[in-house]
Amino acid sequence: MPETTPTARPQRKERLGRVLSNKMAKTIVVEVERRYPHAKYKKVVTAHARFYAHDEKVEAKVGDLVLIHETRPLSKLKRWRLSQVLERSRESAPAAAPA
């Protein structure tokens, strides 16, 4: 019987982005910004991508800066998991009600 050596899991992709929505159950929508020079004109172009990420503890709020990493498919659109909330949004703090 041949011995199988445990292979190291490949490095997972990570993305840094802002939470756009947290209205779904245990799911957040994260917008990731990518800047690159245009191939022909060399102007710096900003591209945006939206990722659906799994938020098990429901800790991310709209506007938070979060780190997400790639994972196995969790649903039709979710292929990312929330790693950590790096910076809380100023809007997510409870506002004082006017008297």
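Conventions we followed
- Residues numbered from 1 in each chain as written.
- Predicted model: local features only at pLDDT ≥ 70, side-chain atom pairs only at ≥ 80, totals over all residues.
- Heavy atoms only, no water.
- Helix = DSSP H or I, 4+ residues; strand = E, 2+ residues; numbered from the N terminus.
- Polar contact = N/O pair within 3.5 Å; in protein donor to acceptor, adjacent residues only side chain to side chain.
- Contact = heavy atoms within 4.5 Å.
- pLDDT = per-residue confidence, 0-100.
- Pairing = 2+ DSSP bridges.

### Regarding the side chain of S21
Take S21: it is sitting in strand β1 (residues 14-24). Looking at S21, its side chain comes within polar contact range of the main-chain nitrogen of K23, at 3.4 Å. Those residues in contact with S21, other than ones at most four positions away along the chain, are T27, I28, V29 and V62.

### A short note on the confidence of the model for the protein
As a general rule, the predicted coordinates of low-pLDDT regions are not to be interpreted in detail. The share of residues in the protein with pLDDT of 70 or more is 91%, and the mean pLDDT across the chain is 91. Within the protein, the element-level pLDDT minimum falls on strand β5 (residues 78-87), averaging 96, and the maximum on strand β3 (residues 44-54), averaging 98.

### Comments concerning the environment of K61
Here K61 lies in the loop between β3 and β4 (65-70). Sequence-wise, K61 and S89 are 28 residues apart; in three dimensions their C-alpha atoms are separated by 7.5 Å.

### A few points about the pairing of β1
Relative to β4, β1 is paired through 5 bridges, and the arrangement is antiparallel. Note that in β4 the partner of G17 across the bridge is V66. Taken together, the 4 bridges between β1 and strand β2 (residues 27-37) define a ladder with antiparallel strand orientation. The partner of V19 across the bridge, within β2, is V30. Where β1 hands over to β2, the hairpin turn is made up of 2 residues, of which K26 adopts a positive phi near 60°.

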